[in-house]
Amino acid sequence: MFFKALEYAPSMHPMLNIAVRAARRAGSIINRASLSGASLNVRAKRANDFVTQVDQAAEEAIIEIVRKAYPDHGFLAEESGATSKDAEYRWIIDPLDGTTNFIHGFPQYCVSIGVQHRGALAHAVVYDPAKNELFTASKGRGAFVNDRRMRVSKCLKLQDALVGTGFPFKEVSRLDLYTRQLARFMRTSAGVRRAGAAALDLAYVACGRLDAFWELGLSPWDMAAGALLVQEAGGLVGDLHGDQGFMESGEVAAATPKIFTSLLENLAIRG
């Protein structure tokens, strides 16, 4: 374990319970597909961005469970888009974050479900079906992994930090900016890792396996659940300026409190 696991989770909010049930159902679909050896029907949505029948089946299972419990809630899902945009509650769903990893049998992918209440993040689940790790959080109630309390690391200096990132594969026009940011962190941090599933990377910041993370060109479903996990684990999350517009901008930075400012300073590359 790379995090302290001393405190057990209190009873879950009913909405979080539904999110967990939905995430586990999606995870079982993913695991069955992974173990069956059946061929995948892979389709490119755009360059370097893929979808399989497993993504679609997992998303349908999540929405079915949520709709049965909360028929008036809205959705923003990666494969099926947005519904009921004016709903008080909105479920932000990535049924399989890390699809490219999954296609290649690289076991770093997850189910991500975030719940917004009147635009503010309220509940979060990130489920790693390959490792059977369940990360959960509710606003104001802390963050947990497999029912044990988790907190961000106590890293004090960027030079000692293990930093996660993701390549901006959907926005290759920003590759020059990104490569300069990457070069800077390769010089100023203890190491940089790119695993290929942003929601899981954020969960790893929350539990202390990573000390910081940044990525460009993300969608809300990549960030929603992971961002709340980090915040409830005592970390800070913002856009590249440290502001709260990361869900809209698609640019996210997350870190332990002591190194968040250093993270932002090193991301501020101009010209």
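Residues numbered from 1 in each chain as written. Predicted model: local features only at pLDDT ≥ 70, side-chain atom pairs only at ≥ 80, totals over all residues. Heavy atoms only, no water.

A. Geometry of the nonpolar core. Counting residues in each nonpolar core, the largest one holds 39 residues, and the members touching the most others are Val126, Phe135, Met150 and Leu229. For this core, the secondary structure elements donating two or more residues are β7 (120–128), β8 (133–138), β9 (143–145), α5 (198–207), α6 (220–232), α7 (246–249) and β15 (252–255). Of all the elements, α5 adds the most residues to this core, at 9 residues. Once residues lying within four places of it in the same chain are set aside, the contact partners of Leu229 are Ala124, Val126, Phe135, Thr136, Ala137, Ala143, Met150, Ala203 and Ala206. Counting residues in hydrophobic clusters, the runner-up holds 32 residues, among them Ile18, Ile93, Leu96 and Tyr127. (Core = buried A, V, L, I, M, F, W, Y, C linked by side-chain atoms within 4.5 Å. Buried < 20%, exposed > 50% of the residue type's maximum accessible area, 1.4 Å probe, protein only. Helix = DSSP H or I, 4+ residues; strand = E, 2+ residues; numbered from the N terminus. Contact = heavy atoms within 4.5 Å.)

B. Fine view of the pairing of β8. Among the 6 residues that make up β8, 6 are buried, leaving the element largely enclosed by the rest of the structure. A two-sided burial pattern is seen for β8, the buried positions comprising Glu133, Phe135 and Ala137 on one face and Leu134, Thr136 and Ser138 on the other. Where β7 hands over to β8, the hairpin turn is made up of 4 residues, of which Asn132 adopts a positive phi near 55 degrees. Bridge analysis of β8 against β9 gives 3 bridges, and the strand direction is antiparallel. Counterpart to Thr136 in the pairing with β9 is Phe144. Adjacent in sequence and paired antiparallel, β8 and β9 are bridged by 4 residues, among which Gly140 carries a positive phi angle near 80 degrees. (Pairing = 2+ DSSP bridges.)

C. Local environment of the sheet that holds strand β13 (residues 212–215). Judged by pairing direction, the sheet is mixed, and its 5 strands sit side by side in the order β12-β11-β13-β15-β14 without closing on themselves. A strand with exactly one partner marks an edge of an open sheet, and here the two such strands are β12 (191–193) and β14 (236–238). Taken over all neighbouring pairs, the strand axes of this sheet differ in orientation by 15 degrees on average, direction set aside. Pairing of strand β11 (residues 162–166) with β12 involves 3 bridges; the strand directions are parallel. When the sheet's bridge partners are listed, Gly164 is paired in β12 with Arg193. Its contacts with the sheet put α5 on β11, β13 and β15, and the angle it makes with β13 is roughly 155 degrees. (Axes fitted to C-alpha atoms, helices over the stretch in contact; angles between N-to-C directions.)

D. Geometry of the layout of surface pockets. Considering only enclosed or pocket space, the second largest pocket measures out at about 270 Å³ in volume. Around the second largest pocket sit 14 residues that line it, and Gln116, Gly119, Ala120, Leu121 and Met247 are the ones nearest its centre. Listed by contribution, the elements that provide at least two residues to the lining of the second largest pocket are β6 (110–117), β7, α6 and α7. Taken together, the residues of the lining of the second largest pocket break down into 6 nonpolar, 5 polar and 3 charged. (1 Å grid on protein atoms, 1.4 Å probe; cavity = no way out; pocket = protein on both sides within 12 Å on 5 of 7 lines; lining within 4 Å. Points joined across faces, edges and corners; volume = space filled by probe spheres on them. Nonpolar A, V, L, I, M, F, W, Y, C, P; charged D, E, K, R; others polar.)

E. Quick look at unusual backbone geometry. The backbone phi angle of Arg118 is positive, close to 55 degrees, even though this residue is not glycine. By the secondary structure assignment, Arg118 is in the loop between β6 and β7. In this model, Asp147 sits at a positive phi of 75 degrees, which is unusual for a non-glycine residue. The residue Asp147 is located in the loop between β9 and β10 (148–149) in this model.

F. Region of the structure containing the confidence of the model for the protein chain. Confidence along the protein chain averages 90 in pLDDT terms, with 89% of residues attaining 70 or more. This model gives residues 1–6 a pLDDT under 50, and the stretch forms 11 contacts once residues within four places in sequence are excluded. (pLDDT = per-residue confidence, 0-100.)

G. A look at the environment of Gln116. Summarising the element assignment, Gln116 is placed in strand β6. C-alpha of Gln116 to C-alpha of Ala224: the two residues are 108 residues apart in sequence and 8.6 Å apart in space. If sequence neighbours within four positions are ignored, Gln116 has contacts with Glu88, Tyr89, Arg90, Ile92, Leu121, Ala122 and Met247. Within the local environment of Gln116, its side chain forms a polar contact with the backbone oxygen of Gly119, the two atoms lying 3.4 Å apart. (Polar contact = N/O pair within 3.5 Å; in protein donor to acceptor, adjacent residues only side chain to side chain.)

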